[in-house]
Amino acid sequence: MKIGIDASRVVGEKTGFGVYAYQLIKHILKIDKKNHYILFCRSFRGNKNDLFDFANNKNVTIKFFKIPGNILRFSWGNLSFPTVENFIGCVDIFHHLDIPIPQKKGKRVITAYDTAYLKYPESTEINPVYFKKMYKQLEGADRVIAISNSCKNDIIDHYHVDKSRVKIVYPGVDRAHFCKDFSDRQLRECLIELNITKPLILFVGTLEPRKNLVRLIEAYDILLQRHKVAHKLVLVGKKGWKYDEIFRVIRKKGLENSVVHIDYLPYESLSMLYKIADFFIYPSIYEGFGLPILEAISSGCPVISSKSSSMPEVLGDAGLYVDPYNIEDIYETIKRMIFDRGLKEGFVKKGKRQSEKFSWEKAAESTLENYYEMVRDG
């Protein structure tokens with residue numbers, strides 16, 4: 001078969017969807033040497049070298065196009081042109097790992113990461129009407145791959161997609177990085193390089209309203225006022241849409257020396273930070289999966305998570321849960337995690353077991369099964 005995959009998310013600093021796209025493609029190519037893959041990438045400022053890891057495979061052709069995103073979005077949203085075929089020719093299957101683009105021929109597979117563009121339109125700077133229009137293509141897809149059961153239910157609820165065509169392929173975790181052990185010297189050097197001190201509470205994710213960081217900061221401020229703990233709150237992530245309110249609250253509360261923002265960290269430094277952190281907190285209001293939770297428990301870091309959407313699927317019984325809308329609940333749960341050492345030790349063990357349920361090898365095998373099943377069904 002000739003299989004096309006949209007690898008655009010792979011280009012640049014890989015977070016969230018980019019991690020999923022990179023790891024999935026990497027592991028599919030690792031186990032499938034029979035089919036021919038055409039990797040399509042559109043990025044105006046990106047570098048083709050980001051696809052270098054895939055270029056050495058004999059069954060891979062890379063098609064890289066430097067086209068401004070705003071031009072493509074206008075053309076796709078208003079003209080349904082250019083199509084997949086205009087870029088890479090005809091394929092038997094095309095797998096959309098980014099916003100679905102027009103396609104005329106071949107089987108259509110669309111990975112849906114979440115429906116935040118419908119539930120929380122403020123979470124994206126791109127017009128949500130455009131997202132909604134492009135994702136209408138889910139209704140005509142031969143197969144929709146959801147990254148969690150929660151995401152699957154959202155897709156079925158919001159779009160006219162037969163549930164038999166929606167399959168779940170959970171993300172995995174990069175065990176080479178997040179299950180790695182580090183020496184005390186390496187961890188100390190990491191803290192020095194980042195100019196932060198222990199103990200610390202860690203959050204990882206894009207800084208945007210959906211991540212619920214304002215309530216987290218308010219709960220953290222209550223903690224400092226009532227208990228005078230030494231913990232810093234470390235926020236690791238790019239500034240996303242409408243992030244200004246987060247820093248306004250930090251200034252208002254006088255927390256400039258207590259809340260630390262780190263823009264982006266490569267895998268090596270991030271995996272060390274999970275090891276260093278007293279615990280990880282993820283109070284997000286909505287997630288299609290919640291990959292940082294999986295990274296944290298794989299690293300042996302205790303977790304506090306929101307109880308909403310997909311996050312209980314990832315964490316299971318390996319952490320504590322909060323009502324993301326209740327600041328007092330977030331505060332009480334943080335306090336409990338800080339002062340109950342036995343609780344944390346138990347969650348480290350449970351987290352390691354829970355993380356073993358997810359792997360990129362399983363994700364790649366399941367994706368390939370979906371490809372073959374579509375072809376068999378005609």
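What comes next is a walk through the structure. (Residues numbered from 1 in each chain as written. Predicted model: local features only at pLDDT ≥ 70, side-chain atom pairs only at ≥ 80, totals over all residues. Heavy atoms only, no water.)

Things to note about the sheet that holds strand E9 (residues 232–236)
Going by this rule: Criterion used throughout: strands pair if DSSP finds at least two bridges between them. Helix and strand definitions here come from DSSP, where helices need a minimum of 4 consecutive H or I residues and strands a minimum of 2 consecutive E residues; each element is numbered from the N-terminal end. Geometry is summarised by axes, namely lines fitted to C-alpha atoms with helices restricted to the contacting stretch, and by angles between N-to-C directions that run from 0 to 180 degrees.
The strand order across the open sheet formed by six strands is E10-E9-E8-E11-E12-E13, and the pairing between neighbours is parallel. In the strand order of this sheet, the two ends are held by strand E10 (259–262) and strand E13 (320–322), each with one partner. The mean angle between the axes of side-by-side strands here comes to 25°, regardless of whether they run parallel or antiparallel. In this structure, E9 lies alongside E10, joined through four bridges in parallel fashion.

Looking at unusual backbone geometry
Put simply, the test is: In this scheme, a residue with accessible area under 20% of its type's maximum is buried, one over 50% is exposed, and one in between is partly exposed, where area comes from a 1.4 Å probe on protein chains only.
Between Phe-81 and the following residue, Pro-82, the backbone shows a cis peptide bond with an omega angle of 0°. Within the secondary structure layout, Pro-82 lies in the loop between helix H3 (69–79) and helix H4 (84–88). Going from Lys-198 to Pro-199, the amide bond is cis rather than trans, its omega being -5°. Here Pro-199 shows up in the loop between helix H9 (184–194) and strand E8 (200–204). The phi torsion at Asn-212 lies on the positive side, around 65°, for a residue other than glycine. With respect to the helices and strands, Asn-212 occurs in the loop between E8 and helix H10 (213–227). Given a relative accessible area of 3%, Asn-212 falls into the buried group.

Focus: the packing of aromatic side chains
The way to describe two aromatic rings as a pair is by their centre distance and the angle between their planes. This is how it is decided: Aromatic pairs are defined between Phe, Tyr and Trp rings, using the six-membered ring for Trp, whenever the two ring centres lie within 6.5 Å; interplanar angles under 30 degrees are classed as stacked, those over 60 as edge-to-face, and all others as tilted.
Under the definition given, this model contains 17 aromatic pairs. Consider the rings of Tyr-20 and Tyr-113, whose centres lie 5.4 Å apart with planes at 85°: the pair is edge-to-face. Of the two residues, Tyr-20 sits in helix H1 (residues 17–31) while Tyr-113 sits in the loop between strand E5 (107–112) and helix H5 (116–119), which places them 93 residues apart along the sequence. Put simply, the rings of Phe-178, Phe-203, Tyr-267, Tyr-274, Phe-280 and Tyr-282 pair up and form one aromatic cluster.

Some details on helix H16 (residues 341–355)
Definition in use: A helix is expected to span 1.5 Å for every residue after the first. Picture the helix axis, draw a direction to every C-beta atom, and the arc is the one those directions span. Should any heavy atoms of two residues lie within 4.5 Å, those residues are counted as being in contact. As used in this structure description, the phrase polar contact means that two N or O atoms lie within 3.5 Å; if the pair is within protein, one of them must be able to donate a hydrogen and the other to accept it, and residues adjacent in sequence are counted only when both atoms belong to side chains.
Here H16 is 15 residues long and its end C-alpha atoms lie 21 Å apart, about the 21 Å a rise of 1.5 Å per residue gives. Looking at H16, one finds that the buried residues are Leu-343, Lys-344, Phe-347, Gly-351, Gln-354 and Ser-355. Along the axis of H16, the buried residues cluster in a sector spanning 90°; they form a single face. Residues of H16 that are exposed and angled more than 90 degrees away from the buried face: Arg-341, Lys-349 and Arg-353. Tucked inside the fold, the buried residues of H16 contact helix H8 (175–178), helix H13 (291–298), helix H14 (311–315), E13 and helix H15 (327–339). For H16, the side-chain oxygen to backbone nitrogen distance between the N-cap and Gly-342 is 3.4 Å, and the N-cap itself is Asp-340.

Quick look at the nonpolar core
What counts here: Residue types Ala, Val, Leu, Ile, Met, Phe, Trp, Tyr and Cys, when buried and joined through side-chain atoms within 4.5 Å, form a set referred to as a nonpolar core.
With 102 residues, the main nonpolar core has Leu-202, Leu-273, Phe-280, Ile-334 and Tyr-371 as its most contacted residues. What Leu-273 contacts, discounting residues up to four positions off in sequence, is Leu-194, Ile-196, Leu-200, Leu-202, Val-234, Val-236, Ile-262 and Leu-265. Counting residues in hydrophobic clusters, the runner-up holds 27 residues, among them Met-134, Leu-138, Tyr-159 and Val-161.

Brief notes about the environment of Leu-270
On the secondary structure map, Leu-270 appears in helix H12 (residues 267–276). A residue is classified by how much of its surface remains accessible, and Leu-270, at 7% relative accessible area, is buried. With 71 residues separating them in the primary sequence, Leu-270 and Pro-199 have C-alpha atoms 16 Å apart. Aside from chain neighbours lying at most four places away, what touches Leu-270 is Phe-178, Val-204, Val-236, Leu-265 and Glu-295.

Structural notes on the side chain of Asn-35
Considering the arrangement of structural elements, one finds Asn-35 in the loop between H1 and strand E2 (36–42). Residue Asn-35 is classed as buried on the basis of its relative accessible area, which comes to 2%. A polar contact of 3.0 Å, which involves the side chain of Asn-35, links it to the backbone nitrogen of Met-1. Here Tyr-372 takes part through its side chain, which lies 2.8 Å from a polar atom of the side chain of Asn-35. When sequence neighbours within four positions are dropped, the list of residues in contact with Asn-35 reads Met-1, Ile-3, Asn-59 and Tyr-372.

Focus: the layout of surface pockets
Under the convention used in this document: Cavities and pockets were defined on a 1 Å grid built from protein atoms only: a cavity is a group of points that admits a 1.4 Å probe but offers it no way out, a pocket is an open group of points flanked by protein on both sides within 12 Å along at least five of seven lines, and a lining residue is one with an atom within 4 Å of any such point. Grid points are joined across faces, edges and corners, and a volume is the space filled by probe spheres set on the points. Each residue gets one of three labels, nonpolar for Ala, Val, Leu, Ile, Met, Phe, Trp, Tyr, Cys and Pro, charged for Asp, Glu, Lys and Arg, and polar for the others, Gly among them.
Approximately 230 Å³ is the volume attributed to the second largest pocket. In terms of lining residues, the second largest pocket is bounded by 13 residues, among which Ala-277, Asp-278, Gly-300, Pro-302 and Val-348 are the most central. Among the elements of the structure, H12 and H16 are those that each provide at least two residues to the lining of the second largest pocket. Here the lining of the second largest pocket takes four residues from H16, the largest share from any one element. Split into classes, the residues belonging to the lining of the second largest pocket amount to six nonpolar, two polar and five charged.

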